Amino acid sequence: GDYELRSSHAYIRHNLNERFDASPAPTTPQALSQANRTRMWVSETRLSRPFLDNLGWVVGLSYIRNEAEQRRETQSTALRLPATGVRNDVREWTAYANLTYAITPRLIAAGGLRLSHSKLDGSGEDIAQPNMIFGRTLAASRSGTDILPSFSLLYAADQNLRFYASY
């Protein structure tokens with residue numbers, strides 16, 4: 001009928017290995033190796049009614065999960081040592097809705113809300129012992145919730161001139 005349901009989902013897997021010359025001098029060769037690993041899941045589903053009979057709307061949900069890890073090590077001719085790396089995990093859930101209404105044939109108003117909740121976790125990997133605090137790993141975590149309203153007006157002064165205001 002007059003409604004449209006769209007749902008899209010993606011999984012991304014990315015691995016990257018790098019090796020750099022980190023020699024402090026030509027007589028003391030040293031390499032820095034870095035392994036990057038990323039895993040990401042992205043999903044969005046929305047239901048909408050196209051703009052018909054002076055009214056249109058959309059409601060939807062989205063989810064993002066991103067895990068990234070970076071491991072490092074230095075290597076000389078005699079020694080191989082881990083170097084500090086990092087691990088991050090981000091999760092975000094969002095719900096949104098928007099309504100568009102033609103007040104008059106020349107004046108169209110739209111308004112909506114977006115509710116997002118994010119959680120971020122991070123930690124150091126292979127941290128040198130002197131940098132450890134009481135034998136614990138260094139980690140941080142935080143989360144937050146935001147409500148974002150929106151409102152706009154579109155006025156068609158004539159066939160070639162439009163005025164648009166948005167908040």
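Above this text sits the structure in question.
Draft legend 1. Up close: the sheet that holds strand S7 (residues 161-166). Spatial strand order, S1-S2-S3-S4-S5-S6-S7: seven strands in an open sheet with antiparallel pairing. Looking at strand neighbours, the two that pair on one side only are strand S1 (4-21) and S7, the edges of this open sheet. The mean inter-strand angle of the sheet, taken between neighbouring strand axes irrespective of direction, is 15°. As defined by bridge partners, strand S2 (residues 30-52) adjoins strand S3 (residues 55-76) across 21 bridges and the pair is classed as antiparallel. Residue pairing across strands places Arg37 opposite Glu69, the latter belonging to S3.

Draft legend 2. Main features of the side chain of Asn36. If you trace the backbone, Asn36 turns up in strand S2. At a separation of 2.9 Å, a polar atom in the side chain of Asn36 contacts the side chain of Gln70. Not counting chain neighbours up to four residues away, the residues in contact with Asn36 comprise His14, Asn15, Leu16, Glu18, Glu69 and Gln70.

Draft legend 3. View of the pattern of salt bridges. Taken as a whole, this structure holds 10 salt bridges when the rule is applied. Where Arg6 meets Glu4, a salt bridge forms, and the shortest distance between an N and an O atom there is 2.8 Å. The exposure class of Arg6 is partly exposed, given its relative accessible area of 47%. One salt bridge in this structure joins Glu67 and Arg65, with 3.5 Å as the shortest N-O distance. Connected through salt bridges with shared partners, the residues Arg65, Glu67, Glu69, Arg71, Arg87, Asp89, Arg91, Lys119 and Asp121 form a single ionic network.

Draft legend 4. Representation of the environment of Ala31. Note that Ala31 resides in strand S2. With 63 residues separating them in the primary sequence, Ala31 and Thr94 have C-alpha atoms 43 Å apart. Look past the residues within four positions of Ala31 in its chain and what remains in contact with it is Arg19, Phe20, Ala22, Glu73, Thr74 and Gln75.

Draft legend 5. Quick peek at the environment of Ala109. Looking at the element boundaries, Ala109 is found in strand S5 (residues 107-125). Looking at Ala109, the relative accessible area reads 13%, which means it is buried. When the C-alpha positions of Ala109 and Ser166 are compared, they lie 9.8 Å apart, and in sequence the two are 57 residues distant. The residues contacting Ala109, other than those within four sequence positions of it, are Leu99, Thr100, Tyr101, Ile103, Phe151, Ser152 and Leu153.

Draft legend 6. Representation of the pairing of strand S6 (residues 139-158) in the model. Judged from the 17 bridges that link them, S5 and S6 form a sheet pairing that is antiparallel. By the bridge assignment, Leu115 is partnered in S6 with Ile147. Pairing between S6 and S7: six bridges, direction antiparallel. Pairing of Asp158 across the sheet is with Leu161, part of S7. Between the antiparallel neighbours S6 and S7 lie two residues.

What counts, and where the lines are drawn
- Residues numbered from 1 in each chain as written.
- Predicted model: local features only at pLDDT ≥ 70, side-chain atom pairs only at ≥ 80, totals over all residues.
- Heavy atoms only, no water.
- Pairing = 2+ DSSP bridges.
- Helix = DSSP H or I, 4+ residues; strand = E, 2+ residues; numbered from the N terminus.
- Axes fitted to C-alpha atoms, helices over the stretch in contact; angles between N-to-C directions.
- Polar contact = N/O pair within 3.5 Å; in protein donor to acceptor, adjacent residues only side chain to side chain.
- Contact = heavy atoms within 4.5 Å.
- Salt bridge = Lys/Arg side-chain N within 4 Å of Asp/Glu carboxyl O.
- Buried < 20%, exposed > 50% of the residue type's maximum accessible area, 1.4 Å probe, protein only.

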